[in-house]
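Residue-level structure breakdown
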Amino acid sequence: MELPFAESYKIKMVETIRKSTREEREKWIKEAHYNLFNLKSDYVFIDLLTDSGTGAMSDKQWGAMMEGDESYAGARSYYNLKNSIKDVTGFDYFLPTHQGRAAENVLFSSIIKEGDVLPGNSHFDTTKGHIEFRKAHAVDCTIAEAKDTTAEIPFKGNIDLTLLEDVLKKYPKEKIPCIVLTVTNNTAGGQPVSMENIKGVSALAKQYGVKLLFDSARFAENAYFIKTREKGYQDKSIVEICNEMFSHADFMTMSSKKDAIVNMGGFVAFRNEKDWEACQMYNIMFEGFITYGGMSGRDMNALAQGLKEGTDFNYLETRIGQVAYLGKKLDEYGIPYQRPAGGHAIFVDAKKILTNVPKEQFVAQTLGIELYIEGGVRGVEIGALLADRDPDTRENRYPALELLRLAIPRRVYTNNHMDYIAAALKNVYDRRESITKGYVIKKELPIMRHFTVELDKA
Ligand SMILES: *Cc1c(COP(=O)(O)O)cnc(C)c1O
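Description of the structure in this document. Owing to the predicted nature of the structure, the values given are computational and were not obtained by experimental measurement.

Brief notes about the packing of aromatic side chains
In the structure shown here, the tally under the stated rule is 16 aromatic pairs. When the ring of phenylalanine 214 is compared with that of phenylalanine 246, the centres are 5.6 Å apart and the planes differ by 45 degrees; the resulting orientation is tilted. Placement of the pair is phenylalanine 214 in strand β6 (residues 212–215) and phenylalanine 246 in helix α9 (residues 238–246), with a sequence separation of 32 residues. Each member of the pair phenylalanine 214 and phenylalanine 246 is classed as buried.

Notes on the pairing of strand β7 (residues 251–255)
In terms of residue burial, β7 counts as a mostly covered element, since five of its five residues are buried. Residues of β7 alternate between two faces, with Phe251, Thr253 and Ser255 on one and Met252 and Met254 on the opposite face, all of them buried. The pairing of β6 with β7 spans three bridges and is classified as parallel. Paired with aspartate 215 across the two strands is threonine 253, which belongs to β7. Where β7 lies against strand β8 (residues 266–270), five bridges are found, and the strand directions are antiparallel. Bridging across to β8, threonine 253 finds its partner in valine 268.

A few points about the site of the ligand
In the region of the ligand, 14 residues are neighbours, and Gln99, Arg101, Asp215, Ser255 and Lys258 sit closest. One of the side-chain nitrogen or oxygen atoms of arginine 218 is found 2.9 Å away from an oxygen atom of the ligand. Here lysine 258 contributes a side-chain N or O atom positioned 2.7 Å from an oxygen atom of the ligand. Here the ligand loses 97% of its free accessible area of 380 Å² to cover by the protein chains.

What to know about helix α6 (residues 161–170)
All of the buried residues along α6 are Leu164, Val167 and Leu168. Looking down the long axis of α6, one finds its buried residues gathered within 100 degrees of arc, a one-sided arrangement. Exposed residues pointing more than 90 degrees away from the buried face of α6 are listed as Thr162, Lys169 and Lys170. Regarding α6, its N-cap is aspartate 160, as a side-chain oxygen of that residue lies 2.9 Å from the backbone nitrogen of threonine 162 further along.

A look at unusual backbone geometry
Along the chain, valine 183 connects to threonine 184 via a cis peptide bond; the corresponding omega equals -15 degrees. You can see threonine 184 is positioned in the loop between β5 (179–182) and α7 (195–207). Going from arginine 339 to proline 340, the amide bond is cis rather than trans, its omega being -10 degrees. Looking at where proline 340 falls in the secondary structure, it is placed in the loop between α12 (313–333) and β9 (345–349).

What about the nonpolar core?
Core analysis: the biggest nonpolar cluster contains 57 residues, and Ile179, Phe214, Phe219, Met245, Phe267 and Leu307 have the highest contact counts within it. For this core, the leading source of residues is helix α8 (residues 219–229), giving six residues. Two domains share this core, each providing at least three of its residues, namely domain 1 (22–51 + 313–457) and domain 2 (59–310). Not counting chain neighbours up to four residues away, the residues in contact with isoleucine 179 comprise Pro119, Ile159, Leu164, Leu168, Val201, Ala205, Val210, Lys211, Leu212 and Leu213. Core analysis: the second largest hydrophobic core is formed by 32 residues, Leu48, Ala350, Ile353 and Leu367 among them.

About the criteria used
Residues numbered from 1 in each chain as written. Predicted model: local features only at pLDDT ≥ 70, side-chain atom pairs only at ≥ 80, totals over all residues. Heavy atoms only, no water. Phe/Tyr/Trp six-rings, centres within 6.5 Å; stacked < 30°, edge-to-face > 60°. Helix = DSSP H or I, 4+ residues; strand = E, 2+ residues; numbered from the N terminus. Buried < 20%, exposed > 50% of the residue type's maximum accessible area, 1.4 Å probe, protein only. Pairing = 2+ DSSP bridges. Near = heavy atom within 4 Å. Polar contact = N/O pair within 3.5 Å; in protein donor to acceptor, adjacent residues only side chain to side chain. Areas by Shrake-Rupley, 256 points an atom, 1.4 Å probe, with all protein chains shown as cover. Arc of directions from axis to C-beta. Core = buried A, V, L, I, M, F, W, Y, C linked by side-chain atoms within 4.5 Å. Domains from an automatic or database assignment. Contact = heavy atoms within 4.5 Å.

Spelled out as structure tokens, the structure:
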């Protein structure tokens, strides 16, 4: 008999989580103004708000923390991290930052000016925020198939090279500080970008004299998909594939809270010394001295180790296998989601489920609230709240997809938890026809409103 799937690690420490009653949850979500970000984590049973910084560190990472060197300049931990980044990405230069958006802040302070244009594949919200905050524009060139949640294609995070070339033709290269390639494509459903597409983007970048940035939060998960889905990569190691991916980039921003399995941290890495030097001033101003940025020595040590573990094939197989397991459960119940299952999350197709809720009343947010009330499971909206208002017209933007993202923290939950999540979602799905009303905005910030928005029942 074929041996079944089993995790490539065992558990050394546990944390208690608590169930609650439906009445309690109805009260708590009302008090939170129907914003899942406003809930106390103690009010959540299974927390799928994000896979960012929520992973479980290993015994080796905790051990590495004890050996952290807290010297202000030139710490051993800095060099540990430098070596680890070099091994996995091939980049010689880097600046530590406290997280991914800080890496964006440092790099973009150096390269973006007002009126610039940055084409890419579904820019992440903080990336777009940092671009628009500088009065520049993010142009989404993701392939059209990404918007069809039923299309079962292996590399749904790809850039449409024709759309990209249109942008590169339309603007002078001085107006395009870089192309932003996000691996995996988070917003499109944790969908990977193929090596072939990376090569295509890189060729266009070179042809038009424009630089290429990888927004790399989930680069290892992307490499796993290349290994398992793209011809010619089956026999390459994850680290070899990562090196090949990054060989096409000029620089990378990293949220280490994702694939590097630490609770806080990030960095910018560069191919050339000049780009690194140009960013140093901003790193010192915003983050810290260039050999620690926003991180303590122990945290750099844990990150150096995390990069190794995050690029281990057996770990990635366990991780991505668990997300696929949840997807299979939803298939059994007929619940629609962005297909195929992504690397870090399942993106439930809320528009196909809550067909009676008008788009102005935030369909995916409504589904997220229902799932929380049903089972104490917290997901996150990837829909109109996140899409925010147009920076020029201030009109609400309604994206093609209304998704409820169920992000799976790394090495945290078991497949019993996956069964529970699927059952809670099935119960909501079974009463979907009776859900006819969503929510309206009571209070919002001018940019990145979804984090703090306050809502009322429509
Ligand atoms: C999380 C993330 C970021 C921002 O990183 P933080 O560590 O949350 O600041 C940027 N890009 C992508 C693709 C991400 O997933």
